[in-house]
Amino acid sequence: MSSTNREVILGIGGGIAAYKSADLLRRMQDAGYRITVVPTPASLNFVGAATWEALSGRPVTTQVWERVDEVRHVNLGKIADFFLIAPCTADLIARLAAGRADDLLTNLVLASDAPKMLVPAMHPSMWSDPATVANVATLRSRGFTVMDPEVGRLTGNDVGPGRFPETQSILDTFNELTGYVQDLAGKKVLVSAGGTREAIDPVRYIGNRSSGKQGIAVAKAAYRRGARVHLIAANVDIDDLPGIEIEHVEDAAQMSRALQASFVDCDILVMTAAVADARPSSTADEKIKKDQYTHIDLTANPDLLKLLSTEKKNQIMVGFAAETRELVASAKTKMSAKGLDLIYVNDVSDGAIFGQEETEGTIVLVDGQEIAIARTSKDTLADLLLDYALKQLG
Ligand code: CTP
């Protein structure tokens with residue numbers, strides 16, 4: 001799946017399972033979907049608009065009468081690539097089947113041609129009522145994907161079909177609908193991110209301005225596409241990324257050891273980290289006083305990619321180059337010196353790229369092919385790099 005086609009309207013019907021959709025929303029965001037939540041007015045009895053606004057980071061309205069100047073029932077419908085309505089109540093199913101448009105969500109459904117998926121949740125006798133059965137059949141015949149509810153315990157002591165399915169099962173069905181490809185399933189992707197810090201003394205270090213954003217974007221994209229992901233993070237301000245193994249390191253030596261240990265069984269290595277080219281020849285145990293702080297002797301750090309390339313079997317190695325001039329020529333020199341299959345070179349003159357959300361540069365493949373990347377998000381670049389790496393993996 002390309003990095004576009006990810007705008008989703010998450011409709012929330014007025015059922016108790018609405019609270020479970022807070023987790024669903026989070027998991028969909030982890031999977032790279034961009035989400036606008038549109039609750040029915042009734043559903044706000046279970047989960048309020050503030051919760052959806054906080055989780056989605058987007059405004060939440062339930063009626064066409066709100067934010068009228070934005071014509072939300074048309075404009076939201078236009079940006080939506082997919083609809084997921086979860087939970088979907090018997091009443092909402094009936095209104096959708098009748099083609100009604102009495103709140104923002106039903107207006108949007110009518111106004112948009114985007115594929116739509118419903119996740120019913122209700123009491124078993126409502127699910128099996130002939131009216132609901134007929135409504136579901138009508139919606140399915142019109143192209144709606146309607147999940148069957150799970151059988152199990154419902155609110156109260158009743159048991160039967162009507163339970164809201166597990167989040168993973170909803171996501172699996174939704175990913176199928178969106179054509180979301182788990183093309184890295186069974187693969188291990190090793191990513192380095194951030195910038196190493198080489199200690200001078202207990203308080204000072206030699207470092208660089210790498211934020212780690214590009215590496216995090218690659219790790220997340222690889223995970224979303226089904227890979228097992230190991231992220232080696234040098235001084236990156238991040239605690240936890242769901243599903244991703246994060247190993248924190250400080251300096252080049254630690255990063256080198258972590259990479260060596262993990263490289264053996266990886267399929268793709270994406271080396272976004274900025275490794276300090278040199279370290280102090282010795283690290284002082286005590287803080288150096290300023291009258292002695294006159295010069296620092298440096299020792300070159302080994303090139304980590306070059307080291308790894310000597311152990312390379314079938315791994316695809318992706319490197320980065322930060323250049324201020326002769327971008328592609330320098331990238332090609334680095335690619336052959338470091339045994340890479342692919343390199344992304346970006347122009348960092350004027351402090352561009354570091355710490356920013358966007359990037360611009362050129363992907364160079366080992367056969368010399370150049371792919372110009374116009375200004376785009378680091379997330380999009382992450383997917384593109386994985387696309388090309390996977391192609392080379394064959
Ligand atoms: N890299 C590495 N080990 C180092 C330095 C860099 O593995 N000691 C990796 C980086 O992670 C990156 C690529 O090499 O993927 C290119 O890094 P860059 O700093 O642009 O290149 P250098 O080889 O350091 O060359 P120079 O600084 O002279 O441009």
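Residues numbered from 1 in each chain as written. Predicted model: local features only at pLDDT ≥ 70, side-chain atom pairs only at ≥ 80, totals over all residues. Heavy atoms only, no water.

(A) Quick peek at the sheet that holds strand S2 (residues 34-39). Ordered by their spatial adjacency, 5 strands build an open sheet running S2-S1-S3-S4-S5, and the pairing between neighbours is parallel. Whereas interior strands pair on both sides, the edge strands pair on one side only; in this sheet they are S2 and strand S5 (145-146). As judged from the 4 bridges shared by strand S3 (residues 82-88) and strand S4 (residues 116-120), these two strands associate in the parallel manner. Within S4, the position partnered with Phe-83 by the bridge is Lys-116. Those strands touched by helix H4 (residues 90-98) are S3 and S4, and its axis lies near 140° from that of S3. (Pairing = 2+ DSSP bridges. Helix = DSSP H or I, 4+ residues; strand = E, 2+ residues; numbered from the N terminus. Contact = heavy atoms within 4.5 Å. Axes fitted to C-alpha atoms, helices over the stretch in contact; angles between N-to-C directions.)

(B) Quick peek at the pairing of strand S16 (residues 316-323). Within S16, 6 of the 8 residues are buried, leaving the element largely enclosed by the surrounding structure. Pairing of strand S13 (residues 268-271) with S16, which is carried by 4 bridges, proceeds in the parallel orientation. Looking across to S16, one finds that Leu-269 is bridged to Met-317. Crossover S16 to strand S17 (residues 342-347) through helix H12 (residues 327-337) is right-handed. (Buried < 20%, exposed > 50% of the residue type's maximum accessible area, 1.4 Å probe, protein only. Right-handed = clockwise from strand over helix to strand, strands pointing away.)

(C) Seen up close, H12. Those residues of H12 that fall on the buried side of the exposure criterion are Val-328, Ser-330, Ala-331 and Met-335. Buried positions in H12, seen along its axis, are confined to an arc of 160° and lie on one side of it. In H12, the exposed residues that point more than 90 degrees away from the buried face are Thr-333 and Ser-336. Those residues of H12 that are buried are in contact with S16, S17, strand S18 (358-365) and strand S19 (370-377). Of the residues one or two after H12, Gly-339 is the one with positive phi, at around 65°. (Arc of directions from axis to C-beta.)

(D) Representation of the sheet that holds S13. With respect to topology, 8 strands assemble into an open sheet ordered S12-S11-S8-S13-S16-S17-S18-S19, the strand pairing being mixed. The open sheet is flanked by strand S12 (245-249) and S19, the only strands paired with a single partner. The average angle at which neighbouring strand axes cross in this sheet is 20°, direction not considered. Examined bridge by bridge, strand S8 (residues 188-194) and S13 share 4 bridges and lie parallel to one another. Looking at the pairing, Val-191 lines up with Val-270 of S13. Sheet strands in contact with helix H9 (residues 213-224) are S8, strand S11 (228-234), S13, S16 and S18, and its direction is about 160° off that of S8. Here helix H10 (residues 252-263) sits on the sheet in contact with S8, S11, S12, S13 and S16, set at roughly 170° to S8.

So yeah, pure geometry; function would need other evidence.
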